[in-house]
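Each chain, written out:
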Amino acid sequence: MQAQISKIQNDWQDILQEEICKEYFKRLDQFLIKENKYKTIFPPTEKIFNCLKLTPFEKIKLVILAQDPYHNYNQANGLAFAVNKNIAEPASLKNIFKEILCDTGKKTSSDKSLESWAKQGILLLNTVLTVEMNKPGSHQNRGWECFTDEIIKKISNKKKSIIFLIWGNKAKKKINLIDTKKHHILQSSHPSPLSSYRGFFGCQHFSKANNILAKNNQNLIKW
C-alpha cells in the first residue's frame, strides 16, 4: 500500500508519510497482500486511496464519513457512498440523491461515481477502506480505523471551517476527533432505508452546507 500512496501525487503523501511507517500500518499492508492472493477484495488496489487522490488536503471543504466500501462485485470505487458508473445505485445513494432534490429543488448533477463531488473538495471517506467480496465488515479492526482516524484528526488540527456531514450512529462516534469550535458539524440519521426516515430525509444538509460556504466566501458545491 505504500506504493499506492506514492501514486496519490498530491499533498497527502507528505501528510501521511509518518503514519504509513508505523507498525500497525505495516501489519495492515501484509494482511492485504495475503488477502489479495486468495480472495477478492474491493475496491481494487489502485482505487483504495481514490478519495485522497481526487481530493487533495489543501482543497477540502467538506467531509462525508461512511463505514466500509460496498461489498458486492465491482461496486466500490474508493469513494464513500459511491459506486462505479456502470453499477446500479445502491439504496443509500438513491436516498442521498432524493434528499438533494427535496432540499435544493434540483436533480443532482453528479453521476453515481461521485467523482465530481470529490473534485470540488468533498472528501468521501470510508472509515475502513477495503472489504472482502460479499462479506461486509470483514476488514474492520485490522488497522484501517487507526489510519482514517488520523486523517480526520489532521483535517481537524490543520484546517478550519471544514463542514463535516455526520450520518448515522457510527459516524457520530468520530465527532470526538473533531474540534467542534473551529469546524461545522451537520448530523442526521444514516441515508440507508432502515434509518433514512428517522432524520436524514428533511435534514437539508446540502443547502445548509452551501450556506456555510457562502458565508465563508467559498465556491458553492454543485450537488
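The sections below set out a description of the structure shown in this document.

**Thoughts on the overall build of the chain**
Part 1: The secondary structure content of the chain amounts to nine helices and six strands.
Part 2: Taking 17 Å as the expected radius of gyration for a compact globule of 223 residues, we find that the chain reaches 17 Å, a close match to that expectation.
Part 3: Here the C-alpha coordinates of the chain stretch approximately 45 × 35 × 30 Å along the principal axes.
Part 4: The 223 residues of the chain split such that 54% are buried.
Part 5: A separation threshold of at least 6 residues defines the contact pool for the chain, and within that pool the share at least 24 residues apart is 66%.
Part 6: For the chain, the exposed area adds up to about 11000 Å²; of that, 47% sits on carbon and sulfur atoms.

**Brief notes about the nonpolar core**
Part 1: Residues W12, W117 and F147 are the most contacted members of the largest nonpolar core, which totals 67 residues.
Part 2: Those residues in contact with F147, other than ones at most four positions away along the chain, are I5, L16, E19, I20, Y24, F25, F49 and L129.

**Topic: helix α9 (residues 205-215)**
Part 1: Looking at α9, one finds that the buried residues are H205, F206, A209, N210, I212 and L213. The buried side chains of α9 occupy one side of the element, clustering within an arc of 155° when seen end-on.
Part 2: Along its buried surface, α9 packs onto β2 (62-66), α5 (91-104), α6 (115-119), β5 (163-167) and β6 (184-188).
Part 3: Immediately downstream of α9, the backbone of N217 shows phi near 60°, a positive value.

**A look at the sheet that holds β6**
Part 1: Across the sheet, four strands lie side by side as β3-β2-β5-β6; this open sheet has parallel pairing. Every other strand in the sheet has two partners, leaving β3 (122-126) and β6 as the edge strands with one partner each. On average, each strand axis in the sheet is inclined to that of its neighbour by 20°, with strand direction left out of account.
Part 2: One ladder, built from five bridges, connects β2 with β3; its direction is parallel. Bridge pairing links V63 to L123 in β3.
Part 3: Sitting on the sheet, helix α7 (residues 144-158) touches β2, β3 and β5, and the angle it makes with β3 is about 150°.

**So, the layout of surface pockets**
Part 1: By volume, the largest pocket is sized at about 550 Å³.
Part 2: As for the largest pocket, its lining consists of 31 residues, of which Q67, D68, F81, S92 and H190 are closest to the centre.
Part 3: At the level of secondary structure, the elements contributing two or more residues to the lining of the largest pocket comprise β2, α5 and α8 (169-172).
Part 4: Here the lining of the largest pocket gets four residues from one element, more than from any other, and that element is α8.
Part 5: Residue composition of the lining of the largest pocket, by class: 14 nonpolar, 13 polar and four charged.
Part 6: By volume, the second largest pocket is sized at about 230 Å³.
Part 7: Taken together, L65, A66, Q67, T127, V128, Q140, E145, K170, A171, K173 and K174 make up the lining of the second largest pocket.

Conventions used here
- Residues numbered from 1 in each chain as written.
- Predicted model: local features only at pLDDT ≥ 70, side-chain atom pairs only at ≥ 80, totals over all residues.
- Heavy atoms only, no water.
- Helix = DSSP H or I, 4+ residues; strand = E, 2+ residues; numbered from the N terminus.
- Rg over C-alpha atoms; globule rule 2.2 N^0.38 Å.
- Buried < 20%, exposed > 50% of the residue type's maximum accessible area, 1.4 Å probe, protein only.
- Contact = heavy atoms within 4.5 Å.
- Areas by Shrake-Rupley, 256 points an atom, 1.4 Å probe, with all protein chains shown as cover.
- Core = buried A, V, L, I, M, F, W, Y, C linked by side-chain atoms within 4.5 Å.
- Arc of directions from axis to C-beta.
- Pairing = 2+ DSSP bridges.
- Axes fitted to C-alpha atoms, helices over the stretch in contact; angles between N-to-C directions.
- 1 Å grid on protein atoms, 1.4 Å probe; cavity = no way out; pocket = protein on both sides within 12 Å on 5 of 7 lines; lining within 4 Å.
- Points joined across faces, edges and corners; volume = space filled by probe spheres on them.
- Nonpolar A, V, L, I, M, F, W, Y, C, P; charged D, E, K, R; others polar.

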